[in-house]
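As a plain string of letters, each chain reads:
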Amino acid sequence: MERERVRAETLRQREGLVPEVRTVFSRQIVDSVMRWIQSESFDAVMLYLSMRSEVETDTLLERLHHAGKHICAPVVDTDQNRLIPRRIQEAETALVRHRYGMLEPNTACPIFPISQLQ
């Protein structure tokens, strides 16, 4: 019960942020994540594609692309209750809206081996 209470409170606070503040916080998080990825010399990473009040990952996707990284995002397989990593090569054409409303790579994006994700 405590975990659910903390999650609900965190979500309430996150959704209460004005968009400008969320964007500032998101950019700070993206900067930190990029420094970490570069310091570890990661070549292949998987990220989520943000929606609603989540940390905005569109800038992270763009920066990873410009850095020449292999970028993957999960595709939700509701039949088998799993996530499938697919490589995003061109975000402008590769992303489609899932029936639950979130963006995900389309079926033309190649499946990326989990073992190669860093």
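Residues numbered from 1 in each chain as written. Predicted model: local features only at pLDDT ≥ 70, side-chain atom pairs only at ≥ 80, totals over all residues. Heavy atoms only, no water.

Caption draft 1: Focus on the pattern of salt bridges. Evaluated as defined, the whole model comprises four salt bridges. Across the salt bridge formed by Glu 2 and Arg 5, the nearest N and O atoms sit 2.7 Å from each other. One end of the pair is Glu 2 and the other is Arg 5, both in helix α1 (residues 2-15) and three residues apart, which spans about a single turn. We note a salt bridge from Asp 77 to Arg 82, for which the minimum N-O separation is 3.4 Å. Overall, the relative accessible area of 15% leaves Asp 77 in the buried class. (Salt bridge = Lys/Arg side-chain N within 4 Å of Asp/Glu carboxyl O. Helix = DSSP H or I, 4+ residues; strand = E, 2+ residues; numbered from the N terminus. Buried < 20%, exposed > 50% of the residue type's maximum accessible area, 1.4 Å probe, protein only.)

Caption draft 2: The pairing of strand β3 (residues 82-87), seen in detail. Bridge count for strand β2 (residues 70-77) against β3 is six bridges, and the pairing is antiparallel. In the strand pairing of β3, Cys 72 is matched with Arg 87. Counting the residues that bridge the hairpin from β2 to β3 gives four residues, and of these Asn 81 lies at a positive phi of roughly 55 degrees. (Pairing = 2+ DSSP bridges.)

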